[in-house]
Amino acid sequence: YLGTRPGVDKGDVEITPDMDAGHVKYMDERPGSHGLFSQEDGIPNMKEVQKELLNHKGLSWRWILSLEEGDAVEMGYTNRKAWEKMVRATMKDAAAAMGISESNLRWVAAFHKKKGHPHVHVMLWEKEPQRKIGELSEGEIRDIKRIFVRELDAGERTRLEAEKTALRDFIRNTATSGILDLAKGEEALTFTGENPGLEPCIAPNTRKELIEKLNE
């Protein structure tokens, strides 16, 4: 009765938008959001995440990873699945660049399909607070950006490598085929003497064609 009668002050904390717990609610519920995801399988329980952040005594960091719409379409980052895969693949290394181990890392993220620049909001914090400095150094920012860009560009790099390999194989096969066909011709090689141990000479016409094909 003492704890539950109408009018009793239960000491509940009011969650405001500027608080980490309020920012998580914004990430999860704003128009265009596709909901929270984290390093764990399944959909995070927002209330549990908020409770954890309300009790968290250490630092936290908020990031936005964004692409222009044209780049997002070209690179395949137009849906939650693609962004979630990218974030899951990079957060361990991004945190490591800040000196945060994977075992001590906590994060949640949400994909927002914003017209013009689809993006994800990411919030990370330490399970057991250790880091004392919130601001990232220039070196940390550079390293973290490089980690995300490398993963964002992974598909494009794979495509370009495949194109380069196909082109290289085409050139090699075409050149090899032409040169071998030329070398197998009946008039390609002539002998300067009757001794079969002597090295044959390339016929003048064949030599000219061979040089042209090698240059080509």
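Going by the structure above, here's the rest.
Below you will find a few notes about this structure. (Residues numbered from 1 in each chain as written. Predicted model: local features only at pLDDT ≥ 70, side-chain atom pairs only at ≥ 80, totals over all residues. Heavy atoms only, no water.)

**Regarding the side chain of Ser38**
Note on placement: Ser38 falls in strand 1 (residues 33–38). On the basis of relative accessible area, Ser38 is assigned to the buried category, the value being 4%. Separated by 3.2 Å, the side chain of Ser38 and the backbone nitrogen of Glu40 make a polar contact. The contacts of Ser38, once residues within four sequence positions are left out, are Pro44, Arg88, Trp107 and Val108. (Helix = DSSP H or I, 4+ residues; strand = E, 2+ residues; numbered from the N terminus. Buried < 20%, exposed > 50% of the residue type's maximum accessible area, 1.4 Å probe, protein only. Polar contact = N/O pair within 3.5 Å; in protein donor to acceptor, adjacent residues only side chain to side chain. Contact = heavy atoms within 4.5 Å.)

**A word on helix 1 (residues 20–29)**
Those residues of helix 1 that fall on the buried side of the exposure criterion are Asp20, Ala21, Gly22, His23, Val24 and Met27. Elements in contact with the buried residues of helix 1: strand 1, helix 2 (46–55), strand 2 (60–66), strand 3 (105–112) and strand 4 (119–126).

**Quick notes on the packing of helix 4 (residues 80–96) against helix 5 (residues 138–152)**
Where helix 4 meets helix 5, the axes come as close as 9 Å, and the angle between the chain directions of the two elements is 145°. Relative to helix 5, the crossing made by helix 4 is right-handed. Counted together, Trp83, Met86, Ala89, Thr90, Met91, Asp93 and Ala94 of helix 4 and Ile144, Ile147, Phe148, Arg150, Glu151 and Leu152 of helix 5 form the full contact between these two elements. In terms of residue class, the contact of helix 4 with helix 5 is made up of nine nonpolar, one polar and three charged. (Axes fitted to C-alpha atoms, helices over the stretch in contact; angles between N-to-C directions. Left-handed = near helix turned anticlockwise from the far one by under 90°. Nonpolar A, V, L, I, M, F, W, Y, C, P; charged D, E, K, R; others polar.)

**A look at the sheet that holds strand 4**
The antiparallel open sheet is built from four strands, whose spatial order is 1-3-4-2. One side of each edge strand has no neighbouring strand; the edge strands of this open sheet are strand 1 and strand 2. Ignoring which end each strand starts from, the neighbouring axes of this sheet average 15° apart. Bridge analysis of strand 3 against strand 4 gives eight bridges, and the strand direction is antiparallel. Each bridged residue has a counterpart across the sheet, and for Leu105 the counterpart in strand 4 is Glu126. Contacts from helix 1 reach strand 1, strand 2, strand 3 and strand 4 within the one sheet, and its direction differs from that of strand 4 by about 150°. With respect to the sheet, helix 4 is in contact with strand 1, strand 2, strand 3 and strand 4, its orientation differing from that of strand 3 by roughly 155°. (Pairing = 2+ DSSP bridges.)

**Side note on the nonpolar core**
Core analysis: the largest hydrophobic core is formed by 27 residues, its most contacted members being Trp63, Trp83, Val87 and Met91. Secondary structure elements with two or more residues in this core: strand 2, helix 4, strand 3, strand 4 and helix 5. Tallying contributions element by element places helix 4 first for this core, with seven residues. Discounting residues that sit within four places of it in the chain, Trp83 has contacts with Leu65, Ser66, Leu67, Tyr77, Thr78, Phe111, Pro118, His119, Val120 and Leu152. (Core = buried A, V, L, I, M, F, W, Y, C linked by side-chain atoms within 4.5 Å.)

**Let's talk about the environment of Lys57**
For Lys57, the location among the structural elements is in the loop between helix 2 and strand 2. By relative accessible area, Lys57 is classed as exposed at 75%. Taking the C-alpha atoms as reference points, Lys57 and Glu128, 71 residues apart in sequence, are found 8.9 Å from one another.

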